[in-house]
Structures are given as C-alpha cells and as structure tokens.
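# Structural overview
Next come the chains, spelled out residue by residue.
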Amino acid sequence: MESRPAVIRENIALVRERIASACARAGRQEGGVRLIAVSKTFPAESIRAAYEAGLRDFGENRVQEAAAKQSTLQDRDITWHLIGHLQSNKAARACELFEWVHSVDAGHLAQKLDRAAAAAGKRLPILLEINLGGEESKSGIAENDAPDLATAIKELPSLALRGLMVIPPLFNDPEQTRPYFRRLRELAEKLRSAGATGITELSMGMSHDFEIAIEEGATMIRVGTAIFGTR
Ligand SMILES: *Cc1c(COP(=O)(O)O)cnc(C)c1O
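The following refers to the structure shown. Per chain, residues are indexed from 1 in the order of the written sequence. Selection of residues for local features in this predicted model requires a pLDDT of at least 70, selection of side-chain atom pairs for listing and counting requires 80 or more, and totals for whole chains, interfaces and linings are taken over all residues. Note that water and hydrogens are dropped before the side-chain values are worked out from all heavy atoms of the structure.

Let us look at the overall build of the chain. The number of helices and strands found in the chain is nine helices and eight strands. Only C-alpha atoms enter the radius of gyration; for comparison, a globular chain is expected to reach 2.2 Å times N to the power 0.38, where N is the number of residues. In terms of overall size, the chain behaves like a compact globule, its C-alpha atoms giving a radius of gyration of 17 Å where 231 residues would be expected to give roughly 17 Å. With the principal axes as the frame, the chain shows a C-alpha extent of 45 × 40 × 30 Å. We call a residue buried when its accessible area falls under 20% of the maximum for its residue type, exposed when it is over 50%, and partly exposed in between, using a 1.4 Å probe and counting protein chains only. The burial tally for the chain puts 52% of its 231 residues in the buried class. Considering only residue pairs separated by 6 or more positions, the chain has 62% of its internal contacts joining residues 24 or more positions apart. Only the protein chains shown count as cover for residues, and the accessible areas themselves come from Shrake-Rupley with a 1.4 Å probe. Surface exposure of the chain reaches about 10600 Å², of which carbon and sulfur atoms provide 47%. The averaged location of the 31 negative side-chain charges in the chain is 2 Å from the averaged location of its 30 positive side-chain charges. By the criteria applied, helices consist of DSSP H or I runs no shorter than four residues and strands consist of E runs no shorter than two, each listed in order from the N terminus. It only takes one pair of heavy atoms within 4.5 Å for two residues to be counted as in contact. Think of it this way: Lys and Arg go in the positive column, Asp and Glu in the negative one, and His and the chain ends go nowhere. Taken as the charge location is NZ of Lys, CZ of Arg, CG of Asp or CD of Glu.

Dropping the structure here:
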C-alpha cells in the first residue's frame, strides 16, 4: 500500500512530536535520537516523500528489495540501515548497499562482512542483534553469547562494533517492552566495561513502543507503520 506524500509528511510530524515529548520526559536531547524510517514493502516514491519531509535515515530488511529502491534514489544523501536478518552469502552485497548493519548475529557473518568491508576499503559500523526474549522464531544471538562475539569482532579490523539492537516480543501494552529495552542498555554497559568501548548505540523501539525505548536510552528508533502506514 502506498500513502500519499501529504499523509507521510503529517505522519512524520506526529512521530517527531512523540519523540520530542518522550525526550522531554526522559530529560534527553532530541538530537540524541536518530529516527530511522523503515521503508520495507513501500515503494521508492514513499521514501522520496519522507526524504522531502526531511528524513535521511532509512531502514530496509532485505538486500534485494533495498537494491531495487536505491537504484532509483541514487543522487540523494540517504543513510541506509540494514535491519533484517542477513544471510552470510549476501554479506558482500549488504556491505555495498548499507552504511549500517543492525543485525549481526553470528561470528561467520561478521567475518564475511569484515572481508567485504576490507575489499571495499571501508570500515563498516555494525550492531549486534540480541534475542532477549529467547524466541526460537527470531534471529539474534543470546545475551550470554554477546561478550564472546564482541571479543571476536575486535579482531576484525574493517568492522566497527557500535552498538546493540533488539526486537522484543510483541505485547499489546508497550509498557511491557520496557524490561527488554532496559536489559539491552544494561548489556551495552556491561560490554563497554569489558572493553567494547565503541558500543554507544542502542537500536530499539518501533512504531508502538518507541517512546518507552527513548525513555530507556534508545539512540536509534526504527519506525515503519507510524510513518508509511500499515503494511
Ligand atoms: C518492520 C520493522 C520495524 C518497523 O516496525 P513498525 O512496527 O512498522 O514501526 C522495525 N524494526 C525491524 C527490525 C523491522 O523489521
């Protein structure tokens, strides 16, 4: 489904108001929260409308889908975030197409991304996706495995481990996601004090719960439905 540009613009204004009040409640600066517009399933025209309303960060969850849209949006200064599960055979392509990868969840994937980034002559910022709910159906590594993976990534010179990402279990009441956001922040603190000092980003919070995530320290929120409409 495609929303009209005017609707997308209004939606973005509403999301910005929600961000502003959450930041005010939490005593945080709005500049400390990066709004990533999740454009999966929506056409390039929708991205263009959001871009014209001032957004510069866009999130996609599939490499192929992102490639198709990017080819029609080439001359724009967009920062692309890969937020969906990445298979290691697509690591090289992902490294070409995205400035950030939020979904690193395995050592072999990190190695492939490192090689691809080295070949491209860049240092790729990544986040570790943590499966805090222990849900079988979801990707992400277990909390207990995060320290070892963070240590392994230190040896990969073309990756910059910048933070953590979580997709908590879905609750009707967003307040119930708060403990997951808090645990992600605490895990980041733990990894930082164990030497992973680059872990400063927390990618958490979606359309229905990003205010809670901001209150718990989110630095990147991933918002789809509230901007582009229902998928
Ligand atoms: C789709 C998606 C989002 C956005 O979800 P909304 O509820 O539409 O805001 C955020 N993060 C990930 C990883 C997603 O796949």
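It is worth spelling out the side chain of Asn11 at this point. Within the element layout of this structure, Asn11 appears in helix H1 (residues 5-26). The exposure class of Asn11 is buried, given its relative accessible area of 16%. In contact with Asn11, other than residues within four places in its own chain, are Ala226 and Ile227.

Right, let's get into the pattern of salt bridges. Criterion for a salt bridge: a side-chain nitrogen of Lys or Arg within 4 Å of a carboxyl oxygen of Asp or Glu. According to the stated counting rule, one finds 17 salt bridges in the structure shown. Asp75 is the salt-bridge partner of Arg76, the closest N and O atoms lying 3.2 Å from each other. With relative accessibility at 23%, the residue Arg76 sits in the partly exposed group. Residue Asp75 is classed as exposed on the basis of its relative accessible area, which comes to 68%. A salt bridge links Glu201 to Arg162; the shortest N-O distance between them is 3.6 Å. Within this pair, whereas Glu201 is found in strand E7 (residues 201-203), its partner Arg162 is found in strand E6 (residues 159-166), the two being separated by 39 residues in sequence.

Attention now goes to the site of the ligand. Around the ligand, the neighbouring residues are Val38, Lys40, Ile83, Ile167, Met206, Ser207, Arg222, Val223, Gly224, Thr225 and Arg231. Between an oxygen atom of the ligand and a side-chain N or O atom of Ser207, the distance comes to 2.5 Å. Under this definition, polar contacts are N or O atom pairs within 3.5 Å; protein pairs additionally need one hydrogen-donor-capable and one acceptor-capable atom, and for neighbouring residues in sequence, both atoms have to be side-chain atoms. Thr225 has a polar side-chain atom sitting 2.5 Å from an oxygen atom of the ligand. Protein chains bury 90% of the 390 Å² of accessible surface belonging to the ligand in isolation. By convention in this text, a residue qualifies as near a molecule or strand provided that one of its non-hydrogen atoms is within 4 Å of it.

Glancing now at the nonpolar core. As used in this record, nonpolar core signifies buried Ala, Val, Leu, Ile, Met, Phe, Trp, Tyr and Cys residues forming a set joined through side-chain atoms within 4.5 Å. Counting 75 residues, the largest nonpolar core has Phe58, Ile153, Leu164 and Ile227 as its most contacted members. Among the nonpolar cores identified, the runner-up in size contains five residues, and Trp100, Leu127, Met165 and Met220 belong to it.

We now examine H1. Counted at 1.5 Å a residue, the expected span for H1 with its 22 residues is 32 Å, and the 31 Å between its end C-alpha atoms agrees. Among all positions in H1, only Ile8, Asn11, Ile12, Val15, Ile19, Ala22 and Cys23 are buried. Along H1, the residues classed as buried sweep out an arc of 110 degrees about the axis, all on the same side. Exposed residues pointing more than 90 degrees away from the buried face of H1 are listed as Arg9, Glu10, Glu17, Ala24 and Arg25. Close packing links the buried residues of H1 with strand E1 (34-38), helix H2 (44-52), helix H8 (210-215), strand E8 (220-223) and helix H9 (225-228). Where H1 ends, the next residue or the one after it, Gly27, has phi of about 65 degrees, a positive value. Helix span, as expected, comes to 1.5 Å for every residue beyond the first. Directions are taken from the helix axis to each C-beta atom, and the arc is the one they span.

Each aromatic pair joins two rings of Phe, Tyr and Trp (for Trp, the six-membered one) with centres within 6.5 Å, and gets the label stacked for planes under 30 degrees apart, edge-to-face for over 60, and tilted for any other angle. Under the counting rule described, the total for this entry stands at three aromatic pairs. Ring plane angle 45 degrees and centroid distance 6.1 Å describe the contact between Phe58 and Trp80, whose orientation is recorded as tilted. Placement of Phe58 in strand E2 (residues 57-60) and of Trp80 in strand E3 (residues 79-82) is noted, with a sequence separation of 22 residues between them. Residue class for Trp80 comes out buried when judged on its relative accessible area of 6%. Considering the side-chain rings of Phe171 and Tyr180, the 6.0 Å spacing of their centres and the 35 degrees angle between planes classify their relative orientation as tilted. Take Phe171 and Tyr180: they sit in the same class, and that class is buried. We note Arg56 situated over the ring of Tyr51; from NZ or CZ to the ring centre the distance is 3.6 Å. Arg76 extends its terminal NZ or CZ atom over the ring of Tyr51, reaching a point 5.8 Å from the ring centre. To sit over a ring, a charge needs its Lys NZ or Arg CZ within 6 Å of the ring centre and within 35 degrees of the ring normal.

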